[in-house]
Structure formats: C-alpha cells, structure tokens
Amino acid sequence: MPPILALRNASVRFGEKPLFSGVDIGIQPGDRICLVGRNGTGKTTLLKALAGTQDLDEGHRFIQPGTRIAYLRQEPVVPPGQTVAAFIEDGLDDDERDLRQYRVRDLLGILGLDGDAITTTLSGGGLRRAALGQTFVGDPDIVLLDEPTNHLDIATVEWLEGFLRQNQAAMLMISHDRAFLRQMSNKTLWLEHGQMRLSNRGYEHFDEWSEKVREAELVARSKLEKRIAEENSWLQTGVTARRKRNQGRLRNLYKMREQRAKQINTLSAPKIDWDEGPPASRKVIETRAISKAFGDNVIVEEFSTRIMRGDRIGLVGPNGAGKTTLVRLLTGELAPDTGRVKIGNSVEMVYFDQNRETLNPKFTLWETLVDKENGGGGDSVLVQGRVRHVVAYLKDFLFDEKQARQPVGTLSGGERNRLLLAKALTKRSNLLILDEPTNDLDMDTLDMLEDLLTNYDGTLILISHDRDFLDRLVTSVISFDPDGKVREYAGGYSDMILQRGDRFASNDVEAIAVKAAKTERASKAKANRKPTKMTYKDQRLLQILPDEIDDLESLVQDLEAKIGDSGFHGNAVDKITTLAEQLEAAKQDIDTKQDQWLMLEDQREQLEEAKS
C-alpha cells in the first residue's frame, strides 16, 4: 500500500553538519508509529518536516492529495485571553469553522472542558487536553504527536490511550513514556547518528530488536577494527616508499577511523559511589492512622504505613490529589490533624523537586555544580562525600565535556532536569525523595537514572506518573485511589493494577473525562481565589527576570555573531550544530521568561488596582 505521507532521502543541516541525512519515512493508513532516539537527534525536527513546517535541505516530502494532517506540539502555543472553545477552533480551516461547530462541542464534552474558560487558567493537564481537541477537531487522516503525555497524570494518560484507540487516524508519536508506546504503537522508527532504522513491530519489541542491532554493530566494528589494524601495519611499514601511488588507500584508512568513531556508543553507566551517611535506624518512617484535611477537602484519612530501611516506595495519583502533601506529612514538615508520624534516628533526607528548584541561567554548568552562587569554586565537586572532577561528574549525567562551560540558559528542558538531578544527588543521604524526576528525560537518560537509583542503598520515595519507571524500581506503591482513599499495594504499578482488579477500571472515555473535569473545576476554583498580595517568590522573579532576559539577549547576539563569522565556518565546522542548538534554546528561554514577566506584571497591577 502506498504511503499517504512520506519523506524521501530527507536531510536537515545546522550549519554544514547534518542533523540527519538520507532519511526515508512512509506513513500508511492504520499506522501507529513510535519514533525513538536520544534528545538532540532531530526527532522533533523530523515531525516538523512531516508537518510541512520545516524545510528540508535535501530530499522531498510527498503527501497524497486531500490528506489532512494535524500536529500536536510538545509545548502548545496559547494566545493570551483566548477561550478554550476558540483555541480548539484554531484546528479548523477558516472556511469550515461554522460548519464544524458541532465537532467543537462534541470534543469539549469528551475532553471534560469548559469552552468559555480562558486557556491560561487551565492546569498543565487541562491545556494538554485542549491541545488534543485542537489536534483532532478537523478529523485528520494523520496525527503527529510530540510528547502527548507531558503534564498528564497516570489516570489521564490511560484516558488518552483510550481516546486515541477510538480514533481512526494514522499516528506518528514521540514519547519518553515507554508504557504508553507499548500500548499504542505497531511500528518503530529509531533515529540514531543521523540515520533511520525501521521495525515493523511496536515498541514492546524494541529492546529485543535494538539488542540484535547492537550485536550486529559489534560484529561489524570488530571486522572494521581488524581492517584498521591491517591498514595501520601497512601504513607504518610502507607508506613512505609508496606515498604517491597509495594516497587513496591512506584516505580510506582515515574514512574507516571516522566510521569507527561514529559507531562507538558514548553512553556509560553512572559511576556515583553512594555515601548513605550514618546508618539510619531499620524503621525509617512509621505512620499510624494519620488524617489531613484543608477545610472540606480531605487529603488523607486514617492512613497507616511502615517504611523500612532500603524500601523503594512509589507514590501515584491524579494531579492535585495531595501527593506532595502526603510526603510533607511523612517527612514531618507538616503535622497531621490526627494520628502519629514517627521518623527514625539518623535519617538524612534529600528532596528533589524540579518545579521548586531554580538554576541561574548566567552560570555555566561548571559554576552551577561547584556552587558559585554561594562562593564555591575550583574544578572539583563533593559528591556523596567524595571528591570528583566537575567534568567527570557531568559525563555521568550524559553531558559532553564542551558543555561544562556552556551557560545554563542555553540548555533544553531535559538537560536542565539532568543538571538539577546532578546537583541534588551530590548531597549524601539515606532517604531520597524524588518528585517527578523523569519529566523531559529521553530514554537513555531514564536508563541512566534507573541504573543510578538501582545502586542506591538507602530508602527511596518516588513520586512519578511514569508507569514503566515505577515498575522497574519500586517495591510498593502508595496510591490515591479514585474513591478518595489512600492505599498501599505490594510491587510495582502493574502489580497494583492487578491487585485492584476491576474496582476502578473504566474504558468509557466520557466517564474518565468527567473525572478529569471535576479535578479541573477544583483546580480552577482554587485558582480563582484572589490573592491579596504577591508571594515572595513571585516578587523576586518580577525583579530578576528583566536582568535574566537581558543576559539571554546578549547571549543570542554572541551566538549569532559566532555562527555568522565566515572564518569560524572554515575552522570549526563541528561546533555549528552545538551553537545552533544553544541559540534555539536561548530564544525559547527568552520567550518563556518574557511571558512569565508579563503575567507577573499583570498580576501586580491587578493587586495594586484592588488595593486602591
């Protein structure tokens, strides 16, 4: 069957170095294709090329006449002040808006959204559902999905899986959520080193397939190394005498060396030697019948648990259910209304929450790790009580040596999260609490983090919406169940589902959407409570954001000057791609910070008007 959308011999370059080249992709009706690869390999660029928003440097794009394509961006563009209904309508052509109003109304009901609500008041999950409405309102033949599960809790991800199964469109999806890809895909595209591989099986078989590919590469590498050794021997013994007539053979040797360098897998297992600090007592945390409520909103009711040394606890539930509140109760930061919490002796806790942590965009990665902000310096960092060189430690978190002197403001979301993890995990602990550590991480980084946490001998509490990550790491799961009760289940997330049986199962998309709508309304009601003053954090951000924006704009000018320098192109072509990526990240960061400043300034003005 011929494809309805295809790229043939497609190449995209940044500077003179290709991001990918010679790529062939064909999408047929019924395809559910997952596209996998490391961050920075060009997956999103490839989706944009298929959507027609990214020009190809070589090759061509084919689309069957009459085919409708919809593209769900990783971060939707939301016009300020727009209603949810109008936002969804933007997925329609101008000449069909009046004719397809029924479809907008249908999707608002299915997605559990209020069409009159303003998009900027939605939670991350609500905005994602609105973006899905915009994507599907025109009944597309092909849907391109870039990280569709971002900002969604597990219940909403499972709702999304049911929603997508009921749709007949062909799909190409990028996601770091392995459980989602296993559920949804029937083909796999693997983008690596600028080249594309295709498997006619879904992501469920990716590990088996990729292992066979790696084994074949090892065999090929072994043969190549043998040839290189033979050519090196010839080079050392005879190149001088036969210099003129054997220059071609010499060039071939250099090409083989270059080919071998590309084959070598640069990923390595993390080398952190954990120092768990003083031995904690065998009993780390014990709760007896604890309850907590805020007004009429009951978070936890008579919940008891005992967390022992070495336990690995997963914490799951809908956004806004109270997972962070429960952690604060478990750690003694918040007192329960009733019941008792007892924390063991000698507990040393590290709490990582990427939404609470901040990074100075002007500092380099090096300066961030040596804690320049608090007077630190030098070329070493104390990791778990042991001295490590900054660059060696950065490599553990998959950063290149050249990135050590790169400003934090140029990093992507996934890279920032990696740096935050690297910074947090320098501190020694015997109780490690991680709040959504997998956000924006690609699969290689997830593997790295999994290996790192597997070697951690202390007690782990992990808040996550990543079902596969939970299955691989935790020994029990504490769940905010749909009936409002908090329960603990032995095993991973999949074991929890088996133990719960059909008690909370629902394949009815609209029923699940109603639950999502209730959560959304509760979040909206909370958001509509008008504050009387700005928080200290918001006041501080309002002060520092203009300086951060100025610094980023200076950085953009410097990067553009370097890229436009003709002499630079001739001397260091290999740096063009890195500079182009830094430039794009800096520009995106400027947009984000400008939007944040405008929102805070508007809030400040409204509060001033309310006072007067």
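Predicted, not measured: the structure shown is a model, and the values here were computed from it.

Let us now look at the overall build of the protein chain. Along its length, the protein chain carries 19 helices and 20 strands. When contacts within the protein chain are restricted to residue pairs at least 6 apart in sequence, long-range pairs at least 24 apart make up 69% of them. When the accessible area of the protein chain is evaluated, it comes to approximately 30400 Å², of which 47% is carbon and sulfur surface.

Below, the discussion takes up the packing of helix H3 (residues 101-111) against helix H4 (residues 124-136). Two elements in contact, H3 and H4, have axes separated by 10 Å at closest approach and are oriented at 145°. Like other packed secondary-structure pairs, H3 and H4 cross with a definite hand, here right-handed. Contacts between H3 and H4 involve Arg103, Leu107 and Leu111 from the first element and Arg129, Gly133 and Phe136 from the second. Looking at the contact of H3 with H4, its residues break down into three nonpolar, one polar and two charged.

Fine structural detail should not be taken from predicted coordinates in areas where pLDDT scores are low. Scored by pLDDT, the protein chain comes out at a mean of 80, with 79% of its residues at no less than 70. In this model, residues 239-245 is a region of pLDDT below 50 whose contacts with residues beyond four sequence positions or in other chains number two contacts.

Our focus in this paragraph is the side chain of Asn167. For Asn167, the position within the fold is in the loop between helix H5 (154-165) and strand S7 (170-174). Given the relative accessible area of 15%, Asn167 is considered buried. Setting aside residues up to four positions removed in sequence, Asn167 forms contacts with Arg32 and Phe136.

Here the structure, examined in full by the defined rule, presents seven aromatic pairs. Plain terms: the ring middles of Trp190 and Trp209 are 5.7 Å apart, the flat faces sit at 70° to each other, and that makes the pair edge-to-face. With Trp190 in strand S8 (residues 187-192) and Trp209 in helix H7 (residues 206-238), this pair connects stretches of sequence that are 19 residues apart. The buried category is assigned to Trp209, whose relative accessible area is 19%.

Close contact between H4 and H5 brings their axes to 12 Å; oriented N to C, the two are set at 10°. What the angle tells us is that H4 and H5 run roughly parallel. Every residue of H5 that contacts H4 at Arg129, Leu132 and Phe136 is listed here: Thr156, Trp159, Leu160, Phe163 and Leu164. Residues of the contact of H4 with H5, tallied by class, amount to six nonpolar, one polar and one charged.

In a beta sheet, neighbouring strands are held together by backbone hydrogen bonds and run either parallel or antiparallel to one another. The three strands are arranged S2-S1-S4 in an open sheet whose pairing can be described as antiparallel. The sheet is open, and its two edges are formed by strand S2 (17-27) and strand S4 (58-63), each paired on a single side. Averaged over all adjacent pairs, the angle separating strand axes in this sheet is 20°, with direction ignored. Packed on one face of the sheet, helix H1 (residues 43-51) meets strand S1 (5-14), S2 and S4 and runs near 55° to S2.

Let us now look at helix H13 (residues 443-454). Here H13 contains 12 residues, and its C-alpha end-to-end distance of 16 Å stays within 8% of the 16 Å for a straight helix at 1.5 Å per residue. All buried positions along H13 are accounted for by Met443, Thr445, Leu446, Met448, Leu449, Glu450, Leu452 and Leu453.

This part covers the nonpolar core. Nonpolar side chains tend to gather and get buried jointly when the protein is soluble and globular. If you look at the biggest cluster of nonpolar residues, it comprises 46 residues, and the most contacted ones within it are Tyr393, Leu394, Phe397, Leu419, Leu432 and Leu453. Judged by nonpolar contacts, the second largest core, of 41 residues, contains Cys34, Ile88, Trp159 and Tyr203.

Read across the sheet, six strands follow the order S14-S17-S18-S12-S19-S20 without closing on themselves; strand pairing throughout is mixed. Unpaired on one side and paired on the other, strand S14 (349-353) and strand S20 (486-490) mark the two borders of the sheet. Within this sheet the neighbouring strands show an average axis-to-axis angle of 15°, counted without direction. Alignment of strand S19 (residues 476-480) against S20, held across five bridges, turns out to be antiparallel. Considered in S20, the bridge of Val477 is made with Tyr489.

With 12 residues, H5 should cover 16 Å at 1.5 Å per step; its first-to-last C-alpha distance of 17 Å lies within 8% of that length. Counting buried residues along H5, nine of its 12 residues qualify, which places the element largely inside the surrounding structure. When H5 is considered as a whole, its buried residues turn out to be Ile154, Thr156, Val157, Trp159, Leu160, Glu161, Gly162, Phe163 and Leu164.

Rules behind the numbers
- Residues numbered from 1 in each chain as written.
- Predicted model: local features only at pLDDT ≥ 70, side-chain atom pairs only at ≥ 80, totals over all residues.
- Heavy atoms only, no water.
- Helix = DSSP H or I, 4+ residues; strand = E, 2+ residues; numbered from the N terminus.
- Contact = heavy atoms within 4.5 Å.
- Areas by Shrake-Rupley, 256 points an atom, 1.4 Å probe, with all protein chains shown as cover.
- Axes fitted to C-alpha atoms, helices over the stretch in contact; angles between N-to-C directions.
- Left-handed = near helix turned anticlockwise from the far one by under 90°.
- Nonpolar A, V, L, I, M, F, W, Y, C, P; charged D, E, K, R; others polar.
- pLDDT = per-residue confidence, 0-100.
- Buried < 20%, exposed > 50% of the residue type's maximum accessible area, 1.4 Å probe, protein only.
- Phe/Tyr/Trp six-rings, centres within 6.5 Å; stacked < 30°, edge-to-face > 60°.
- Parallel < 35°, antiparallel > 145°, perpendicular 65-115°, else oblique.
- Pairing = 2+ DSSP bridges.
- Expected span 1.5 Å × (residues − 1).
- Core = buried A, V, L, I, M, F, W, Y, C linked by side-chain atoms within 4.5 Å.

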